[in-house]
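A closer look at the structure
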Amino acid sequence: MHTIELVHVTKRFGKVVAVDDLSLTIERGNFLTLLGPSGCGKTTVLRMLAGLEEPDAGDILIDGKPVFSAQEGIFVPPAKRNLGLVFQSYALWPHMTVYQNVAFGLEMAKQPKQEIQQRIGGILKDLQIGEMGQRYPQEMSGGQQQRVALARMLAPKPGIFLLDEPLSNLDARLRVDMRSELKRLHRDTGATTLYVTHDQLEALTMSTHIVVMKEGRVQQHASPAQVYRTPANLFVADFIGSPKINLLDATATLGEGGTHLKFATFEIARVLTRASGAVVAGIRPEDIRISPEPDPNGIEFKVYSVLPAGSEIVINAHRGATSVVIRETRDIQLEMDSVIWLQFDSKKINLYDKQTGSLIAAAKN
C-alpha cells in the first residue's frame, strides 16, 4: 500500500491544457475514482502517474519520494514505480497463451520458474480462469480476457493499481459482475487504486473516494455518498445520478423555520437550508413523493410520461413550464396526462448560487 501525491501538476498537448494545476492526494489503501466526461483529463492523470506521459509542471510523489519533479528534473521510469496497469483494450499478446501473457513480466524479471508457476496458478484460480492457462486470448470472451489482464497486473505484486476504463468494452450484465470482482480484489490486496471511468455507477459503487473532473480541473473530491447527496456545484449535480437530478430556478427568502422557495409555478416553505436571492434548487428524483389522490400538502402536477424499469418507475411530470422527474419504487398505476400531487422532501434540497453554480446551502441529509 502506498500514498500518492500530485502537486500542482499541469499537462499540455499543444495549446490544449489537458490537466490544469491539479493537486491531489490518494491515501494509502484507498480506491479513488477519477470521474468525468470524455476529454476532462482523467486518463492523462493516470498516464502521468504511470510514467507514460511527462507533466509540463508539478511534482508526483509516491510515499513522499518524487517519481517526477519538473523543477528538480526527476523522472523515474514506469518499470521502477511499482505500478500495475490495466487498459481499456486489455492489451494482451495474441500469439501468447493466457499463462504466457501473465508470466511475461515475471520471466523478464528473471524470477525462478517454479515460483512463477505457483504464483500464476494461484492468481488464475483466484480469478476463476484456472483451467484456461493454455488458451489464447481470441479463444476467450471479453470478460475472460479482462480477467487475464487483471491477472497480469497482479502477477508482480504491485503496491498501486491503475485501471483505465477496464469495463467499458463489456456488456451491462458482465460489468456488474466485474465491479464486484474488482471491489473484492481491492479489499483482498489492500492496494492503493486509481480507477478512471466516465460511468458514474462504477464510481459510486466501487470507490472509497471520487474525484469529479471537468476541463482538467477537480470539481469535487469526496466520498461517493457526499458526491451524490451534496454535489459541490451544478456541474457535479447534473453529472451524477440516473435519472438526473432536478435543477429548478427559484427565489429564496429567509423566514421562520428555514428558507421559502418560490419557483415559476409553485412554492415550497420551510426548506431546511438557509439562503436568499436567486438560486437553483437541486432535488433528487427519489426525494419527491407521489400521491395519485388529492393531497392537501401536495402540489398538483400532470403526468407527462411513465417509464417502468422493473424495480422502479421513472415519471416525468409537468406544471406549466416546470418539468420534474420522479423515481418511484412503489407499485403504483399512473397514466399519461393524469393528475398527481407531489411532495418535495424539504430536508434534502441543495441550493446553488444562480451566478456561480457553487453550492451555498447543503441539504440536511
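As shown above, the structure is provided for reference.
Just so you know, these numbers come straight off a predicted model, no measurement behind them.

**Thoughts on helix H1 (residues 42-50)**
Structural remark: α-helix, 3.6 residues per turn; residues separated by three or four positions point the same way. Summarising burial for H1: seven of the nine residues are buried, a large majority. Residues of H1 that are buried include every one of Lys-42, Thr-44, Val-45, Leu-46, Met-48, Leu-49 and Ala-50, and no others.

**Quick word on helix H4 (residues 142-154)**
Relative to the 18 Å expected for 13 residues at 1.5 Å per residue, H4 spans 19 Å between its end C-alpha atoms, a close match to the ideal helical length. With 11 of 13 residues buried, H4 is to be regarded as a mostly interior element. The complete set of buried residues in H4 reads Gly-143, Gln-145, Gln-146, Arg-147, Val-148, Ala-149, Leu-150, Ala-151, Arg-152, Met-153 and Leu-154. Residues of H4 that are buried in the fold lie against strand E7 (83-86), helix H2 (98-108), helix H3 (113-126), strand E8 (160-164) and helix H5 (172-189).

**Observations regarding the sheet that holds strand E12 (residues 246-255)**
If you walk across this open sheet you meet the six strands as E14-E13-E12-E15-E21-E22, and the pairing is antiparallel. Each edge of the open sheet is held by one strand with a lone partner, namely strand E14 (267-271) and strand E22 (359-361). Taken pair by pair, the neighbouring strands of this sheet meet at an average axis angle of 40 degrees, ignoring direction. Here strand E13 (residues 258-262) pairs with E14 via three bridges, running antiparallel. Across the sheet, the residue bridging to Thr-259 is Val-271, located in E14.

**Things to note about a nonpolar patch on the surface**
Residues Trp-93, Phe-104 and Met-108 make up a contiguous nonpolar surface patch of roughly 320 Å² in combined accessible area. Following the sequence through the fold, Phe-104 ends up in helix H2.

**Describing the nonpolar core**
In terms of nonpolar packing, the biggest core is built from 33 residues, with Val-102, Ile-120, Leu-150 and Leu-182 touching the most fellow members. Contributing elements (two or more residues each) for this core: H2, H3, H4, E8 and H5. At six residues, the largest contribution of residues to this core is made by H4. In contact with Val-102, not counting residues within four places along its chain, are Ile-120, Leu-124, Val-148, Ala-151, Arg-152 and Ala-155. Counting 30 residues, the second-largest nonpolar core is a separate cluster that includes Leu-248, Ile-299, Val-303 and Ile-315.

**Concerning the environment of Ala-278**
Mapped onto the fold, Ala-278 is located in strand E15 (residues 277-283). As a C-alpha pair, Ala-278 and Asp-353 span 75 residues in sequence and 6.9 Å in three-dimensional space. Not counting residues within four places of it along the chain, the set of residues in contact with Ala-278 comprises Ala-250, Tyr-352, Asp-353 and Lys-354.

**Points about the packing of aromatic side chains**
Counting across every chain of the model gives seven aromatic pairs. Taking the centre distance of 5.8 Å and the plane angle of 15 degrees together, the rings of Phe-235 and Phe-239 count as stacked. With a gap of four residues between them, Phe-235 and Phe-239 both fall in helix H8 (residues 234-239), about one helical turn apart. Look at Phe-235 and you get partly exposed, because its relative accessible area is 22%.

**Structural notes on the packing of H2 against H3**
The N-to-C vectors of H2 and H3 enclose an angle of 130 degrees; their axes lie 10 Å apart at closest approach. If you check the angle between H2 and H3, you find them oblique. When you trace H2 past H3, the crossing you get is right-handed. From H2, Val-98, Tyr-99, Val-102, Ala-103, Leu-106 and Glu-107 reach across to H3, where they touch Ile-116, Gln-117, Arg-119, Ile-120 and Leu-124. For the contact of H2 with H3, the per-class residue count stands at eight nonpolar, one polar and two charged.

Quick notes on the rules
- Residues numbered from 1 in each chain as written.
- Predicted model: local features only at pLDDT ≥ 70, side-chain atom pairs only at ≥ 80, totals over all residues.
- Heavy atoms only, no water.
- Buried < 20%, exposed > 50% of the residue type's maximum accessible area, 1.4 Å probe, protein only.
- Helix = DSSP H or I, 4+ residues; strand = E, 2+ residues; numbered from the N terminus.
- Expected span 1.5 Å × (residues − 1).
- Contact = heavy atoms within 4.5 Å.
- Pairing = 2+ DSSP bridges.
- Axes fitted to C-alpha atoms, helices over the stretch in contact; angles between N-to-C directions.
- Patch = residues over 30% accessible without salt bridge, like charges linked within 9 Å, V, L, I, M, F, W, Y side chains within 5 Å.
- Areas by Shrake-Rupley, 256 points an atom, 1.4 Å probe, with all protein chains shown as cover.
- Salt bridge = Lys/Arg side-chain N within 4 Å of Asp/Glu carboxyl O.
- Core = buried A, V, L, I, M, F, W, Y, C linked by side-chain atoms within 4.5 Å.
- Phe/Tyr/Trp six-rings, centres within 6.5 Å; stacked < 30°, edge-to-face > 60°.
- Parallel < 35°, antiparallel > 145°, perpendicular 65-115°, else oblique.
- Left-handed = near helix turned anticlockwise from the far one by under 90°.
- Nonpolar A, V, L, I, M, F, W, Y, C, P; charged D, E, K, R; others polar.

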